[in-house]
Structure formats: C-alpha cells, structure tokens
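# Topology and contacts: notes
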Amino acid sequence: MMNVAVFISGGGTNLQAIIDAIKENKINGKIKLVFSNRKNAYGLIRAQNESIDTFYLNRKKFFSSEEYDERILEELERKNIDLIVLAGYLNILSSKLVSKYSNRIINIHPSLIPSFCGDGFYGENVHKAVIKSGVKFTGATTHFVDENVDTGAIILQDVVPVLINDDFETVAKRVLEIEHEILVKTVKAFCDNKIVFKDNRAFIVEE
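For the protein chain, the name recorded in an unreviewed UniProt entry is Phosphoribosylglycinamide formyltransferase, with Parvimonas micra as its organism. Among the UniProt annotations of the protein chain, the heading Sequence similarities (unreviewed entry) holds the following wording: "Belongs to the GART family." Comment text from UniProt for the protein chain, heading Function (unreviewed entry), reads "Catalyzes the transfer of a formyl group from 10-formyltetrahydrofolate to 5-phospho-ribosyl-glycinamide (GAR), producing 5-phospho-ribosyl-N-formylglycinamide (FGAR) and tetrahydrofolate."

Written out as structure tokens, the structure is:
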C-alpha cells in the first residue's frame, strides 16, 4: 500500500475525490498527510474530518523557497511518503523537492496541456482564457511534475465542450467533474504500479 501526501491550497474537492475512492477500496493507498500553504484552506477540514494528519506552513516565515520546502521534506520523510499529489496546490515546488520525489509527484491541471498552462494559468484564470480564446473544447490533465511549470509527462486527459452560453464558471464546473475522475484513475494507476514511461511520455497500462 502506497503512502500518499496531498498538497492543497483551497477547498479540496479533488482531495475529497481521492478520500472517497480510498474508502471505496478503489485505490491501494493511504493518505498519510494533507499539506497546505494556506491556513484557512477548507481542504484541511476535509482531512481532519477523516482523521488524516494535516500540516500547514506559512511561507512568509521562511527566508527562501528552498528552506520552506526543506521543512516540508522533513515531514514527508517522517511519514514515509511514496507519492505526492498536487490537488489545487498554488505554489511552485523547489527543485530539491522535485528531484527528491522525481516521477512521484502528480499534478492535476484544469486544461488540456499544453494549452492554457504555465506561468499565471491557474484557477479561474485558465477558464477565462479558454472562454476568451473561442476554443470549442477544453478539459483536464494529470501529469508528473518536473522542474518547470506544467511541462512534465502527461498521464491522463479528458475533454469537455465549451458551449455557446458558457462563462468561465460553467466551464470550471464542467472541468472539475472530470478532474475528479482522471485524478482518481491516475492515483489508482500509480499505486498499482501501472504507469510506464516511453520516450519521456507516460502511459497507464493494463496487464
């Protein structure tokens, strides 16, 4: 069974999807820690309601991102974490943390990478850009995290339509539903050792 840490910054609906899937025995893993860079993130309450250990750190109390992540690393090592899931975590990880957990950090992004991703593309900014662009489809992506923003190997993607009367909020709601689905599938595959790499690309394989 894999030991999982989930990093959040907000409401934690993707976290809840993972919690529910584990309770339904769909994922061969256990959430050992929920970490947030925001003290009032509702995701921390979701975790506490399930008796999951939580951890908050104020970035302003640390001199550098490296020092901040060093403290996070200490907690991850103490919990023997195998997988880190970034589920709406609005902070850039240091190169040391990414290197330490190479190919063991998964992120969920609310667009079809490589579109609408990179610096500044997070939260409602993504969906506003989607509406403004006029594209007819958008979606969500799970990918491994590397030292750049949203450039790691893509694992899963799913697509939703952008309809004539949509605004960014209706698009966001539609995308969030598939975020939950593909994130659960991705975490399940990782915990079952069913993600493989080919030419720097990641695939889920079924035996």
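## Brief notes about the UniProt feature "binding site: N(1)-(5-phospho-beta-D-ribosyl)glycinamide" (unreviewed entry) in the protein chain
When the UniProt feature table is mapped onto this chain numbering, "binding site: N(1)-(5-phospho-beta-D-ribosyl)glycinamide" (unreviewed entry) sits at Gly12, Thr13 and Asn14. Position of Thr13 relative to the elements: it lies in helix H1 (residues 13–23). Setting aside residues up to four positions removed in sequence, Thr13 forms contacts with Arg46, Leu176 and His180. Setting aside its immediate chain neighbours within four residues, Asn14 contacts Ala87, Ile108, Leu176, Glu179, His180 and Leu183.

## What about the nonpolar core?
Val6, Ile18, Ile31, Val34 and Val85 are the most contacted members of the largest nonpolar core, which totals 44 residues. At ten residues, the largest contribution of residues to this core is made by helix H6 (residues 168–191). Ignoring sequence-local partners within four residues, the contact set of Val85 consists of Val4, Ala5, Val6, Phe7, Ile18, Ile106, Leu183 and Val187.

## Comments concerning the pairing of strand E8 (residues 195–198)
Here E8 runs beside strand E9 (residues 201–204); their pairing, made up of four bridges, is antiparallel. Bridging across to E9, Phe197 finds its partner in Ala202. Count of turn residues in the E8/E9 antiparallel hairpin: two residues, of which Asp199 carries a positive phi of about 55 degrees.

## Structural notes on the UniProt feature "binding site: (6R)-10-formyltetrahydrofolate" (unreviewed entry) in the protein chain
Per the UniProt record, "binding site: (6R)-10-formyltetrahydrofolate" (unreviewed entry) is found at Asn107. For Asn107, the position within the fold is in strand E5 (residues 105–109). The contacts of Asn107, once residues within four sequence positions are left out, are Leu86, Thr141, Thr142, His143, Val145 and Asp150.

## Examining the environment of Val145
Inspection of the secondary structure puts Val145 in the loop between strand E6 (137–144) and strand E7 (154–161). Residue classification places Val145 among the buried residues on the basis of a relative accessible area of 14%. Val145 sits 16 residues away from Pro161 along the chain, and the two C-alpha atoms are 26 Å apart.

## A word on the pattern of salt bridges
On inspection of all chains with the given rule, the structure shows twelve salt bridges. The salt bridge involving Glu206 is made with Lys194; its shortest N-O contact spans 3.3 Å. You can see Glu206 sitting in the segment after E9 and its partner Lys194 sitting in the loop between H6 and E8, a full twelve residues away along the chain. Each of Arg71, Glu74, Glu75 and Arg78 takes part in a single network of salt bridges with overlapping partners.

## Quick word on a nonpolar patch on the surface
On the surface, Val196, Phe203 and Val205 cluster together to form a nonpolar patch covering roughly 200 Å² of accessible area. For Val196, a relative accessible area of 34% gives the class partly exposed.

What counts and what doesn't
Just so you know, the residues in each chain are numbered from 1, in the order the chain's sequence is written. Predicted model: local features are reported for residues with pLDDT of at least 70 only, side-chain atom pairs are reported and counted for 80 or more only, and whole-chain, interface and lining totals are derived from all residues. In computing side-chain values, all of the structure's heavy atoms are included and hydrogens and water are not. UniProt positions are given in the numbering used here, feature names are shortened, and annotations may be inferred rather than shown by experiment. Helix and strand definitions here come from DSSP, where helices need a minimum of 4 consecutive H or I residues and strands a minimum of 2 consecutive E residues; each element is numbered from the N-terminal end. A contact between two residues is defined here by any heavy atoms of the two lying within 4.5 Å. Joining through side-chain atoms within 4.5 Å is the link that ties buried Ala, Val, Leu, Ile, Met, Phe, Trp, Tyr and Cys residues into a set, and such a set is a nonpolar core. When a residue's accessible area, from a 1.4 Å probe over protein chains only, is under 20% of the maximum for its type it is buried; when over 50% it is exposed; and in between it is partly exposed. When DSSP locates at least two bridges between a pair of strands, those strands are taken to pair. Salt bridge, as used here, is a side-chain nitrogen of Lys or Arg placed within 4 Å of a carboxyl oxygen of Asp or Glu. Residues enter patches when they are more than 30% accessible in relative terms and free of salt bridges; like-charged ones are connected within 9 Å and nonpolar ones (Val, Leu, Ile, Met, Phe, Trp, Tyr) within 5 Å. Per-residue and other accessible areas follow the Shrake-Rupley method at a 1.4 Å probe size, with only the shown protein chains counted as cover for residues.

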